[in-house]
Amino acid sequence: MLVLSRKEGERLVIGDNVIITINRIAGNRITLGIEAPRDVRIVRGELDRRENSAPELEKGSCASSAMSFDLDLTNVIERVAG
């Protein structure tokens, strides 16, 4: 696992066509912006685990290829440390 430190406004580039931007950091929460082609599946980890028993999420339901997520850093830190 690669572990990086980023500040607000900084970006990560994955491959040739995925860009993750740190939009906001507030306390133990972070807001990410993800730009990726429509055919790249982006799902929060807890939803991916449940997906085996739930109906498939509709692909391309977002009007654009950019998405934002609020993440609870407490869970991320626990997973990295654990």
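Residues numbered from 1 in each chain as written. Predicted model: local features only at pLDDT ≥ 70, side-chain atom pairs only at ≥ 80, totals over all residues. Heavy atoms only, no water.

What about the overall build of the protein?
1) Next: When its secondary structure is counted, the protein shows two helices and four strands.
2) Next: For the protein, the proportion of its 82 residues judged to be buried stands at 15%.
3) Next: Contacts in the protein between residues at least 24 apart in sequence constitute 42% of all its contacts with a sequence separation of at least 6. (Helix = DSSP H or I, 4+ residues; strand = E, 2+ residues; numbered from the N terminus. Buried < 20%, exposed > 50% of the residue type's maximum accessible area, 1.4 Å probe, protein only. Contact = heavy atoms within 4.5 Å.)

Some points on the nonpolar core
1) Next: Counting seven residues, the largest nonpolar core is built from V18, I20, I22, I30, L32, I34 and A36.
2) Next: Beyond its immediate chain neighbours, meaning those up to four positions away, I20 contacts E10, R11, L12, I14, L32, G33 and I34. (Core = buried A, V, L, I, M, F, W, Y, C linked by side-chain atoms within 4.5 Å.)

What about the pattern of salt bridges?
1) Next: In total, this model carries two salt bridges according to the counting rule given.
2) Next: Salt-bridge contacts for E10 lead to R6; the nearest nitrogen and oxygen are separated by 3.6 Å.
3) Next: The partly exposed category is assigned to R6, whose relative accessible area is 36%.
4) Next: Among the salt bridges present, the one from R44 reaches E46, with a minimum N-O distance of 3.0 Å. (Salt bridge = Lys/Arg side-chain N within 4 Å of Asp/Glu carboxyl O.)

As for the side chain of T21
1) Next: Tracing the sequence through the fold places T21 in strand 2 (residues 18-26).
2) Next: A distance of 3.4 Å separates polar atoms of two side chains, one belonging to T21 and the other to R11. (Polar contact = N/O pair within 3.5 Å; in protein donor to acceptor, adjacent residues only side chain to side chain.)

Examining the confidence of the model for the protein
1) Next: Counting all residues, the mean pLDDT for the protein is 74, and 59% of those residues have values of 70 or more.
2) Next: Within the protein, the element-level pLDDT minimum falls on helix 2 (residues 73-81), averaging 52, and the maximum on strand 1 (residues 11-14), averaging 94.
3) Next: Note that residues 56-65 has pLDDT below 50 and, in this model, 12 contacts with residues that lie over four places away or in other chains. (pLDDT = per-residue confidence, 0-100.)

Describing the pairing of strand 3 (residues 29-35)
1) Next: Most of strand 3 is tucked away: five of the seven residues are buried.
2) Next: Taken together, the seven bridges between strand 2 and strand 3 define a ladder with antiparallel strand orientation. Across the sheet, the residue bridging to I25 is I30, located in strand 3. (Pairing = 2+ DSSP bridges.)

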